[in-house]
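Coordinate inspection notes
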Amino acid sequence: MMHTLPLPNGQCLHGDESADALHLQLDLHEPIHVQLQAGDALQVVATQALSAQALWLIAYWLFARDEACQTLCWSTPAVAVETLQSGLVARAADGVLSTERSMFWQLPAPWLLAGQSAVYPQHMVISEGKRHPRRAPKPAGELYRRFDARLGSWISLRALDIDTDLQRFNRWQNSPRVMEFWQEGGTLEQHRQYLEKLERDPHTLTLIGCFDDQPFAYFEAYWAKEDRIAPFYAVDDYDRGIHMLVGEDSHRGPHKVASWLTALTHFLFVDDPRTQRVVAEPRADNARMIGHMHSAGFYCQKEFDFPHKRAALMAIERERFFDRCALR
């Protein structure tokens, strides 16, 4: 049973829960007291009106402590208009107030860091013969942070910084395990040129994954419409694709993959609500990675041939990801 749940802003949510009551306190803020009633959906009963923040904190606690919890029904004298407008709480035709797990995890705050949640306006352009939306300028710094209650660790994503990350990128790429699938071994200068090319490419975002602020992985998130993968399936304007590399052996294993792969996919879906699909194209013989992706909800649409490899087209849709959302 959880007793403390850290938040990305540095605060901690403290809880005391029994079978029929929940008491929460966000550091030095006023405590929150509600009653819980089991049923088809968990009933949350409050004798006083709950603020938008209180509703969010209760929902986060209950969804984080039990991934099987799908719906919360609220019995409260009133809810703020902005709570309904945000989608945190929905009112049914019969007046019942509820929060759906699948909607809660689509809210960008607080996982998506400040300044990264605005939707970039759509303007279609043509580059290299492909018509696609103009992409937003690339962000810098930390982009996503969430406490994984299952691991008891922070998982975060930040934009790669060439000067800071070049040596570890070089070490990772020259690891025999990584070279088997990436085939990008080389010198520091070759890898600087590789990263500088991607830095200039508006369709690719390079990321460093961290557990408890310790870098362990490199990811490339790309807009599929402008990518080499586009001719091989019915690509949408806002589909995102991913390339994945775990560089530190200490962070390998199914439980770690489940954490970072889910976090990476979550980041891409909340980064732009117009993204309806995330795809990947691992080598078709990379059975281990494909198995991890199946466990995370991806499915293999087909196998196809790039000039340099036989690839498996792995995909997951927004609806599928959030309907079976295992985030905690």
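Given the structure is predicted, the values throughout are model-derived calculations rather than measurements.

One pass over the structure, following the stated rule, counts 23 aromatic pairs. Geometrically, the ring pair formed by F219 and W260 is tilted, given 5.1 Å between the ring centres and 35 degrees between the ring planes. With F219 in strand β14 (residues 214-223) and W260 in helix α7 (residues 254-271), this residue pair connects regions lying 41 residues apart in the sequence. Taken together through their ring pairs, the aromatic side chains of W56, Y60, F63, F104, W105 and W111 make up a single cluster. Over the ring of W223 we find R240; its NZ or CZ atom is 3.9 Å from the centre of that ring.

Relative to each other, helix α4 (residues 162-173) and helix α6 (residues 188-200) sit at 120 degrees, their axes nearing to 9 Å. Between α4 and α6, the crossing angle belongs to the class labelled oblique. Handedness of the α4/α6 crossing: right-handed. Facing I162, D163, L166, Q167, F169, N170 and Q173 of α4, the residues of α6 in contact are L188, H191, R192, Y194, L195, E196 and E199. Here the residues of the contact of α4 with α6 sort into six nonpolar, four polar and four charged.

Here the focus is the pairing of strand β6 (residues 71-75). Burial of β6 is extensive: four of the five residues sit out of reach of the surface. Where strand β5 (residues 42-45) and β6 come together, four bridges link them in parallel fashion. Note that in β6 the partner of Q43 across the bridge is C73. Crossover β5 to β6 through helix α1 (residues 52-65) is right-handed. Here β6 pairs with strand β8 (residues 97-100) via four bridges, running antiparallel. Bridging across to β8, T71 finds its partner in E100.

Moving on, we get to the sheet that holds β6. Spatial strand order, β1-β2-β3-β4-β5-β6-β8-β7: eight strands in an open sheet with mixed pairing. Two strands in the sheet have a free side with no partner beyond their single neighbour: β1 (4-6) and β7 (90-91). Set on the sheet, α1 makes contact with β1, β2 (12-17), β3 (21-26), β4 (32-37), β5, β6 and β8; between it and β3 the angle comes to about 115 degrees.

The next thing to look at is helix α8 (residues 287-295). Where α8 is concerned, the buried positions are M289, I290, H292 and M293. Here the buried residues of α8 occupy an arc of 155 degrees about the axis, which is enough to place them on one side. Across from the buried face of α8, at angles greater than 90 degrees, the exposed residues are A287, R288 and S295. Where α8 is buried, its residues meet β15 (240-246), α7, β16 (277-280) and β18 (310-317). Phi turns positive, to about 105 degrees, at G297, one or two residues after α8.

Criteria and thresholds
- Residues numbered from 1 in each chain as written.
- Predicted model: local features only at pLDDT ≥ 70, side-chain atom pairs only at ≥ 80, totals over all residues.
- Heavy atoms only, no water.
- Phe/Tyr/Trp six-rings, centres within 6.5 Å; stacked < 30°, edge-to-face > 60°.
- Helix = DSSP H or I, 4+ residues; strand = E, 2+ residues; numbered from the N terminus.
- Lys NZ or Arg CZ within 6 Å of the ring centre and 35° of its normal.
- Axes fitted to C-alpha atoms, helices over the stretch in contact; angles between N-to-C directions.
- Parallel < 35°, antiparallel > 145°, perpendicular 65-115°, else oblique.
- Left-handed = near helix turned anticlockwise from the far one by under 90°.
- Contact = heavy atoms within 4.5 Å.
- Nonpolar A, V, L, I, M, F, W, Y, C, P; charged D, E, K, R; others polar.
- Buried < 20%, exposed > 50% of the residue type's maximum accessible area, 1.4 Å probe, protein only.
- Pairing = 2+ DSSP bridges.
- Right-handed = clockwise from strand over helix to strand, strands pointing away.
- Arc of directions from axis to C-beta.

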